[in-house]
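A look at the structure
Spelled out from the first residue to the last, the chains are:
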Amino acid sequence: MHHKIMKMLTMFSVLLYFVSAALAGNFYEDFAVTWGGGRAKSFDNGNSLTLTLDRDSGSGFRSKRQFLFGKIDMKIKLVPGNSAGTVTTYYLSSLGQFHDEIDFEFLGNLSGQPYVMHTNVYAQGKGSKEQQFYLWFDPTKDFHTYSIQWNPQSIIFSVDGTPVRQFKNLESRGIPFPKSQPMWIYASLWNADDWATRGGLVKTDWSKAPFYATFTGFNALSCPNYASCSTNSWFSQSLDYAAIAKMKWIQKNYMVYNYCTDYRRFPGGFPPECSIA
Ligand SMILES: *[C@@H]1O[C@H](CO)[C@@H](O)[C@H](O)[C@H]1NC(C)=O
């Protein structure tokens with residue numbers, strides 16, 4: 001009798017192990033390593049993944065699925081210490097010359113100097129909509145959640161639930177908006193010391209290699225097609241007044257670059273979306 005129960009318990013825990021592995025296996029199930037070979041490693045039952053960069057190569061991964069709209073969260077702990085010259089990316093992109101793209105890029109820095117969080121949006125192959133921010137915490141100490149909410153009304157970039165940028169659908173004013181090309185989720189860690197840190201002045205210190213960034217807490221709300229999307233709350237969600245006020249406060253205090261105020265770059269006038277609140 002006792003023996004039988006023990007046997008059942010063992011079988012049960014083996015079963016549980018497989019079930020929980022399947023549930024937690026985000027990086028094994030949802031992503032494929034696209035470059036860098038063994039430099040990208042999943043661990044913790046696939047709940048987490050570390051990308052590394054050394055002198056020979058960086059590394060990266062891509063989602064197996066494509067998304068047409070979605071609410072995507074990723075927790076990232078960025079390269080600690082002297083990360084100057086390195087860039088960690090996390091973005092959505094389709095393929096081809098007229099591709100759409102929604103970007104987060106994290107530009108490393110010398111120890112104790114601030115990272116720059118770079119954001120951009122491409123619609124039908126046209127980008128040049130950069131906004132950059134300092135962060136209000138040390139992004140290398142703990143995991144923080146970086147989110148993209150993409151629906152037909154807008155793209156909202158958030159950090160730990162606080163919106164930092166909104167790119168509205170202003171197609172009615174002739175401004176392209178990503179809305180018909182499915183995108184993959186990508187992430188990478190690579191060397192960009194020709195431009196990343198202080199415009200390329202500070203180079204990667206290879207004596208500190210390998211560099212590593214860790215991803216976890218991947219969560220994606222999406223829908224297989226437009227019709228089934230409309231039942232999801234995120235699909236029609238926009239920022240309320242309180243969220244807009246928070247975003248404006250972040251932009252006032254932490255934004256370090258805005259294409260919409262770069263006179264040198266747009267001497268003939270700013271892009272039209274810049275003058276639409
Ligand atoms: C790095 O630190 C310098 C000096 O504080 C700062 O000007 C720069 O914006 C920081 N970030 C990057 C990515 O260069």
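Residues numbered from 1 in each chain as written. Predicted model: local features only at pLDDT ≥ 70, side-chain atom pairs only at ≥ 80, totals over all residues. Heavy atoms only, no water.

What to know about the overall build of the chain
Within the chain, the regular secondary structure consists of 4 helices and 15 strands. The C-alpha extent of the chain, read off along each of the three principal axes, is 85 × 55 × 35 Å. For the chain, with 277 residues in total, the buried portion stands at 48%. Looking at the chain alone, contacts between residues at least 24 apart form 65% of all its contacts between residues at least 6 apart. For the chain, the exposed surface amounts to about 14300 Å²; the carbon and sulfur share of it is 56%. In the chain, the 26 positive side-chain charges and the 21 negative ones have mean positions that sit 3 Å from each other. (Helix = DSSP H or I, 4+ residues; strand = E, 2+ residues; numbered from the N terminus. Buried < 20%, exposed > 50% of the residue type's maximum accessible area, 1.4 Å probe, protein only. Contact = heavy atoms within 4.5 Å. Areas by Shrake-Rupley, 256 points an atom, 1.4 Å probe, with all protein chains shown as cover. Lys, Arg positive; Asp, Glu negative; His and termini not counted. Charge placed at Lys NZ, Arg CZ, Asp CG, Glu CD.)

Some words on the state of the cysteines
Such a bond, covalent and formed between the sulfur atoms of two cysteines, is termed a disulfide. Throughout the structure, instances matching the rule amount to 2 disulfides. Each sulfur of the disulfide joining Cys 223 and Cys 229 lies 1.6 Å from the other. Disulfide Cys 223 to Cys 229: torsion about the S-S bond roughly 60°, handedness right-handed. Relative accessible area serves as the criterion here: at 1%, Cys 229 is assigned to the buried category. In this model Cys 260 forms its disulfide with Cys 274; the gap between the sulfur atoms is 1.9 Å. (Disulfide = S-S within 2.5 Å.)

Thoughts on the sheet that holds strand 12 (residues 162–168)
What the 7 strands build is an open sheet, ordered 2-3-14-5-10-11-12; its pairing is antiparallel. Here the strands that pair on one side only, and so sit at the sheet edges, are strand 2 (40–43) and strand 12. Averaged over all pairs of adjacent strands, the angle between strand axes in this sheet comes to 20°, irrespective of strand direction. (Pairing = 2+ DSSP bridges. Axes fitted to C-alpha atoms, helices over the stretch in contact; angles between N-to-C directions.)

Some points on the site of the ligand
Surveying the vicinity of the ligand reveals the residues Leu 107, Gly 108, Asn 109, Gln 113, Pro 114, Val 116, Tyr 134, Ala 196, Thr 197 and Arg 198. Between the ligand and Gln 113 there is a distance of 2.6 Å, counted from an oxygen atom to a side-chain nitrogen or oxygen. Surface burial for the ligand is 73%, taken as the share of its 360 Å² of free accessible area covered by protein chains. A breakdown of the residues in the shell around the ligand according to their chemical character gives 5 nonpolar, 4 polar and 1 charged. (Near = heavy atom within 4 Å. Polar contact = N/O pair within 3.5 Å; in protein donor to acceptor, adjacent residues only side chain to side chain. Nonpolar A, V, L, I, M, F, W, Y, C, P; charged D, E, K, R; others polar.)

Focus on the sheet that holds strand 7 (residues 101–107)
Strand order in this open sheet of 8 strands is 1-4-13-6-7-8-9-15, and the pairing throughout is antiparallel. Edge strands, defined here as strands with exactly one partner in the open sheet, are strand 1 (31–35) and strand 15 (255–258). The sheet shows a mean angle of 15° between the axes of neighbouring strands, taken without regard to direction. Pairing between strand 6 (residues 86–93) and strand 7: 7 bridges, direction antiparallel.

A word on the UniProt feature "active site" (unreviewed entry) in the chain
According to UniProt, the feature "active site" (unreviewed entry) maps to Glu 101 and Glu 105 in the numbering used here. Looking at the element boundaries, Glu 101 is found in strand 7. With a relative accessible area of 13%, Glu 101 lands in the buried category. Residue contacts for Glu 101: discarding those within four places in its chain leaves Tyr 91, Leu 92, Ser 93, Asn 120, Val 121, Tyr 122 and Met 183. In terms of polar contacts, Glu 101 uses its side chain to reach the side chain of His 99, at 2.8 Å. Secondary-structure assignment places Glu 105 in strand 7. Looking at Glu 105, the relative accessible area reads 14%, which means it is buried. Each residue touching Glu 105, except ones within four places of it in the same chain, is listed here: Val 87, Thr 88, Thr 89, Val 116, Met 117, His 118 and Trp 195. (UniProt positions renumbered as here; feature names shortened; annotations may be inferred.)

Observations concerning the pairing of strand 5 (residues 70–77)
Strand direction decides the pairing type here: strand 5 and strand 10 (residues 144–150), joined by 7 bridges, are antiparallel. When the bridges of strand 10 are listed, Lys 71 appears paired with Gln 149. Here strand 5 runs beside strand 14 (residues 211–221); their pairing, made up of 6 bridges, is antiparallel. Of the residues in strand 14, the one forming a bridge with Lys 71 is Leu 221.

Observations regarding the pattern of salt bridges
Inspection of the entire model under this criterion finds 7 salt bridges. Of the charged contacts, one joins Glu 130 and Arg 265 as a salt bridge, the two residues approaching to 2.8 Å between their closest N and O atoms. Residue Glu 130 is found in the loop between strand 8 (116–122) and strand 9 (131–133), and its partner Arg 265 is found in the segment after strand 15; the two are separated by 135 residues along the sequence. Exposure remark for Glu 130: the relative accessible area of 16% places this residue in the buried category. With a closest N to O distance of 3.8 Å, Lys 141 and Asp 138 form a salt bridge. Here Lys 141 falls in the exposed class, since its relative accessible area comes to 59%. (Salt bridge = Lys/Arg side-chain N within 4 Å of Asp/Glu carboxyl O.)

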